[in-house]
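Here are the chains, one letter per residue:
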Amino acid sequence: MMFSRNAALAFTTTSRTMSRRTFRSGLQMSAKPGQAEVVLVGCGAPNRGMGWYHGIQMLEGRCPSAALDYIIEPWFLGAGADSEPGQEFATWQAEVLKEHPDVGFGTSLSELPEPKAPRLALISGRTADNPRLLEEAIANGCKTIYLEKPGAPTVVELEGMAESAKKAGVEVLMGYNKNVCKYVRKTREFAATQPGSITTFVSNNAYENSPESLGECFERNAEGMLKNMAIHELALLASFYDVTVDNIAKVEADKEFSSCQTLKGPSGKEFTDFDKIKFTITTKTGQTVSVQADRCGGTDSYATVSSGEGEELFRYYMPDEEDKVNVAALEKKYPTAMPYFFTQDPDYVTVKERVAKHTSDGSEATGVATIGVAVDTLKVAEYLTPILQEQLK
């Protein structure tokens, strides 16, 4: 869909009926020297979309190197505009424009003007749309692309995206925020002092433990747990523990903990997935590391370090006591937003700021996963899923 004079579909400044020509000549970009010009692609619904929360953090100035100049939301500014979430989006859009009149809203990357500062696309839409959106971002002046996990539905698609970006000289970095989390850093630091120890990364969600709730979850996240909920933990393994398909010597499911079910989703179709899984990987280079994920396990993520005999030596939670103060403040400020936004809030800021500063001045984006890491991670997810399902039969 193209930008037009329609108020809901055009990029806007103070008037919501400006033509494309006026928009391109009259809009004052907010990016200042030392900042990247950010295009948020796939904002989603206020209080629910991950893209929305990325936008909030940038609009509040919490990422100093990022200027949010454009918000592209094809659905709520297009066919979904009359839906209840679409109306909520329109209300939020009006609030944003009142405080930030130079932010442009629209439905397509194809109508962006030429960049006036190094341009960063933050793609936070549906995973299935990412291959197309990455190509559009490359074609419309983006120097760097920040891509939300897992990047693409399949390894083949993600490898194609990596190749396209490489040919265009565009760098793609991933939103694997747990790579920069405090609890991961603290755990790795402790484990380094304990030769022969085993680290376990634990991820929990708070779905109701019922066929109806889990069936809806399985259908909405049809790519499967290892490509969705547990993909952050697999990225940690690929980033810090040399876990690749070629380097896996052995994988063992914890059958006592784990569960794989076939359930009907809202559509009536059946979906097979893990509702909880725990497994241990041993690499050919001698590393041993475990992952535990439970869709009905609660809201906390944490990591443990155990001795070779199984005695727990260390545990660190996200959020820790210090971060819980920030969580409480954010819950008060955004009472209807998704709770997981708040527990991971500082890490979202860290990743965005490092990627934006890298885009602006070339500074190293320390700890941020590359699309190469994402490819390795997705390969591991595709490799492990059938093996673990078979072990649980």
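Chemist: Any chance you could explain unusual backbone geometry here in plain terms?
Modeler: Negative phi values dominate among residues other than glycine, just as trans dominates among peptide bonds. Here the bond from lysine 149 into proline 150 is cis, since omega is -5 degrees, no more than 30 degrees from zero. Looking at the element boundaries, proline 150 is found in the loop between strand 5 (144-147) and helix 5 (155-168). Cis geometry is adopted by the peptide bond preceding proline 319, which originates at methionine 318 and carries an omega value of 0 degrees. Phi angles above zero are rare outside glycine, and asparagine 47 is one such case at about 75 degrees. Tracing the backbone through its elements, the reader meets asparagine 47 in the loop between strand 1 (36-41) and helix 2 (50-59). Of note in the backbone geometry, aspartate 242 takes a positive phi value of approximately 60 degrees without being a glycine.

Chemist: Help me understand the side chain of glutamate 73, please; the structure alone is not making it clear to me.
Modeler: Mapped onto the elements, glutamate 73 comes out in the loop between strand 2 (66-72) and helix 3 (84-99). Buried charge without a salt bridge: glutamate 73, with arginine 126 as the nearest opposite-charge side chain at an N-O distance of 9.4 Å. Among the polar contacts listed, one links the side chain of glutamate 73 to the backbone nitrogen of tryptophan 75, at a separation of 3.1 Å. Ignoring any residue separated from it by four or fewer positions in sequence, one finds glutamate 73 in contact with Gly42, Cys43, Gly44, Phe89, Gly106 and Thr107.

Chemist: Please explain the nonpolar core as it appears in this structure.
Modeler: Proteins that are soluble and globular tend to have nonpolar side chains buried together. By size, the foremost hydrophobic cluster in this structure holds 66 residues, and its most contacted members are Ile145, Leu158, Leu226, Leu234, Phe279, Leu384 and Leu388. With 9 residues, the single largest contributor to this core is helix 12 (residues 371-391). When neighbours within four sequence positions are excluded, leucine 158 is seen to be in contact with Leu147, Pro150, Gly151, Ala152, Ile371, Ala374, Val375 and Leu378.

The rules behind the values
Residues numbered from 1 in each chain as written. Predicted model: local features only at pLDDT ≥ 70, side-chain atom pairs only at ≥ 80, totals over all residues. Heavy atoms only, no water. Helix = DSSP H or I, 4+ residues; strand = E, 2+ residues; numbered from the N terminus. Buried < 20%, exposed > 50% of the residue type's maximum accessible area, 1.4 Å probe, protein only. Lys, Arg positive; Asp, Glu negative; His and termini not counted. Salt bridge = Lys/Arg side-chain N within 4 Å of Asp/Glu carboxyl O. Polar contact = N/O pair within 3.5 Å; in protein donor to acceptor, adjacent residues only side chain to side chain. Contact = heavy atoms within 4.5 Å. Core = buried A, V, L, I, M, F, W, Y, C linked by side-chain atoms within 4.5 Å.

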